[in-house]
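Descriptive analysis of the structure
Here is what each chain is made of, one letter per residue.
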Amino acid sequence: MGLLTPATLLAATQAFFTPESGGSPNADNIDSLYKIVLVVALVIFVAVIGALSYALVKFRARKGATAAQIRGNTRLEVGWTAGAAVILIGLAVLTFFRLGSIQNPPNSSADGANLVGESGELVASTSRPLPPNGKSLNITVIGRQYIWQFVYPGANEPDGLGAPYSYEEMVVPTNTTITLDIVSSDVVHSWWVPQLGGKFQAVPGYHNYTWMKIDKPGVYRGQCALLCGRGHARMIATVKAVPPAQFEAWLAYQKKLIAEANADAKVARAKLNTQTGAGQVENP
Ligand SMILES: [Cu+2]
């Protein structure tokens, strides 16, 4: 057990009241924006409740006292209206100023994965935010009842077949800008790994985009955030960030496993096709 100091208590309270962060710059920016608004709101809250408590005590009913009849105070009323407007405009300007760093991905770092020739996409999207240099590792996130599938670039056929993929655990290289295309193959799901940024819905027939860039190797946990059926609670997602070389090795291994499984399936299919009688299966 660690010592309960005011600092640890403050950190614990903060983590409870403010968004999770620490995985990706967009999550950090959401968190810091939230904290600024929270502090401004807290100051106003304390001031209002303080003034109210003071008035309650100071002007509480006394025997024989007659209440003062006050008919408006123009200076005070203009003051608090203008004051509130200035605070609101300040927060709005700050929010729009910070929105760019939340929505738009930065470039990969120098020690990120080599992204040359990793496109492999069927359709170039105009609405997907890309880093300034246009290079990102684009992964398609497919929500389906009840598992997340992650499809990587690297299809060896023009129709997109043969691309490496994984289920439930997305492995990504560190220091690399990852863009995500979020789609669904059945009902609406919600992609959310809190430490890596905001929540994005996976809607059938529609593409949603987000990004992340992870500097520290590690495991980041999330889970489908929209009730999508009886297996919803099982629909977990893990993002595992590893150094680029390790990522390349993992991707190559996934490709090999998928190729082997496809080869096995081909053999099994051929065998079924040769069977007749009771063992015969139509459209195996
Ligand atoms: Cu779901």
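The text that follows walks through the structure, step by step, so that each part is easy to find. Sequence order as written defines the numbering, with residues in each chain counted from 1. Confidence filtering applies because this is a predicted model: local features only for residues at pLDDT of at least 70, side-chain atom pairs given and counted only at 80 or more, and all residues used for totals across whole chains, interfaces and linings. Heavy atoms from the whole structure form the basis of all side-chain values; hydrogens and water molecules are not counted.

Observations regarding the coordination of the copper ion
What counts, and what does not: With water omitted from the atoms examined, metal sites may look incomplete; donors here are N, O and S atoms no farther than 2.8 Å from the metal, or 3.2 Å in the case of Na, K and Ca. Exposed residues in this analysis have more than 50% of their type's maximum accessible area, buried residues have under 20%, and partly exposed residues fall in between, with area computed by a 1.4 Å probe over protein chains only.
In the first shell of the copper ion, the protein supplies His189 (ND1), Cys224 (SG) and Cys228 (SG), at 2.1 to 2.2 Å from the metal. Positions of the donor residues of the copper ion, expressed as sequence spacing, correspond to H-x34-C-x3-C. Accessibility assignment for this pair places cysteine 224 and cysteine 228 in one class, buried.

Remarks on the pattern of salt bridges
Stated precisely, the cut-off is as follows: Salt bridge, as used here: a side-chain nitrogen of Lys or Arg that lies within 4 Å of a carboxyl oxygen of Asp or Glu. By definition, any uninterrupted DSSP run of H or I lasting at least four residues is a helix, any uninterrupted run of E lasting at least two residues is a strand, and each is numbered from the N terminus.
For the structure on display, the rule yields two salt bridges. Notably, a salt bridge pairs aspartate 31 with lysine 35, separated by 2.9 Å at the nearest N-O pair. With aspartate 31 and lysine 35 both in helix H2 (residues 25–58) and four residues apart, this pair spans about one turn of that helix. Look at lysine 35 and you get partly exposed, because its relative accessible area is 28%.

Brief notes about the packing of H2 against helix H3 (residues 74–103)
Packed helix pairs are characterised by how far apart their axes lie and by the angle those axes make with each other. What counts is decided by this rule: The convention used is that axes are lines fitted to C-alpha atoms, helices contributing only their stretch in contact, and that angles between N-to-C directions extend from 0 to 180 degrees. An angle below 35 degrees is read as roughly parallel, one above 145 as roughly antiparallel, one from 65 to 115 as roughly perpendicular, and any other as oblique. A contact between two residues is defined here by any heavy atoms of the two lying within 4.5 Å. Put simply, Ala, Val, Leu, Ile, Met, Phe, Trp, Tyr, Cys and Pro go in the nonpolar bin, Asp, Glu, Lys and Arg in the charged bin, and everything else, Gly too, in the polar bin.
Their axes nearest at 9 Å, the elements H2 and H3 cross at an angle of 170 degrees. Taken together, the axis directions place H2 and H3 in an arrangement best described as roughly antiparallel. Between H2, through Asn26, Asn29, Ile30, Ser32, Leu33, Ile36, Val37, Val40 and Ile44, and H3, the contact on the second element is made entirely by Ile87, Leu91, Leu94, Thr95, Arg98, Ser101 and Ile102. Residue composition of the contact of H2 with H3, by class: ten nonpolar, five polar and one charged.

A look at the sheet that holds strand S8 (residues 208–213)
Paired through backbone hydrogen bonds, the strands of a sheet run either parallel or antiparallel to each other. For clarity, the threshold we go by: Only strands joined by at least two bridges in the DSSP assignment are considered to pair.
The mixed open sheet is built from five strands, whose spatial order is S3-S2-S1-S5-S8. The sheet is open, and its two edges are formed by strand S3 (165–167) and S8, each paired on a single side. The mean inter-strand angle of the sheet, taken between neighbouring strand axes irrespective of direction, is 25 degrees. Bridge analysis of strand S1 (residues 137–144) against strand S5 (residues 177–184) gives seven bridges, and the strand direction is parallel. Directly across from isoleucine 139, in S5, lies its bridge partner leucine 180.

Overview of the packing of aromatic side chains
Two numbers describe a pair of aromatic rings. These are the distance of the centres and the angle of the planes. Put simply, the test is: Pairs were defined over the aromatic rings of Phe, Tyr and Trp, the Trp ring being its six-membered one, requiring ring centres within 6.5 Å. Orientation was assigned from the angle between planes: stacked under 30 degrees, edge-to-face over 60, tilted for the rest. For a Lys NZ or an Arg CZ to count as sitting over a ring, it must be within 6 Å of the ring centre and within 35 degrees of the ring normal.
Counted according to the given criterion, the structure contains six aromatic pairs. Between the aromatic rings of tyrosine 165 and tyrosine 167, the centroid separation amounts to 5.8 Å while the plane-to-plane angle is 75 degrees, which identifies the pairing as edge-to-face. Given a relative accessible area of 39%, tyrosine 167 falls into the partly exposed group. Members of the aromatic cluster, joined through ring pairs, are Trp148, Phe150 and Trp191. Its guanidinium or amino end placed over the ring of tryptophan 192, lysine 199 lies 4.4 Å from that ring's centre, counting from NZ or CZ.

Focus: H2
Applicable threshold: One less than the residue count of a helix, multiplied by 1.5 Å, gives the span that helix is expected to have.
Between the first and last C-alpha of H2 there are 49 Å, a value that for 34 residues agrees with the 50 Å anticipated at 1.5 Å per step. Taken residue by residue, H2 has Asn26, Ala27, Asn29, Asp31 and Leu33 as its buried positions. Those residues of H2 hidden inside the fold are in contact with H3 and S8.

What about the nonpolar core?
Convention followed: Among the buried residues, those of types Ala, Val, Leu, Ile, Met, Phe, Trp, Tyr and Cys that are joined through side-chain atoms within 4.5 Å form a nonpolar core.
Core analysis: the largest hydrophobic core is formed by 30 residues, its most contacted members being Met170, Trp191 and Val239. Beyond its immediate chain neighbours, meaning those up to four positions away, valine 239 contacts Met170, Val172, Trp191, Val193, Leu196, Met212, Ile214, Gly218, Val219 and Tyr220.

Notes on unusual backbone geometry
Look at the link from glutamine 145 to tyrosine 146: it is a cis peptide, with omega at 0 degrees. Mapped onto the secondary structure, tyrosine 146 falls in the loop between S1 and strand S2 (147–151). You will see that asparagine 175, though not glycine, has its phi angle at about 55 degrees, which is positive. For asparagine 175, the position within the fold is in the loop between strand S4 (169–173) and S5. Residue classification places asparagine 175 among the buried residues on the basis of a relative accessible area of 14%.

With respect to helix H4 (residues 244–274)
Between the first and last C-alpha of H4 there are 45 Å, a value that for 31 residues agrees with the 45 Å anticipated at 1.5 Å per step. Where H4 is concerned, the buried positions are Pro244, Phe247, Trp250, Leu251, Gln254 and Ile258. Along its buried surface, H4 packs onto S1, S3, S4 and strand S10 (236–242).

Worth remembering: the numbers are spatial, not functional.
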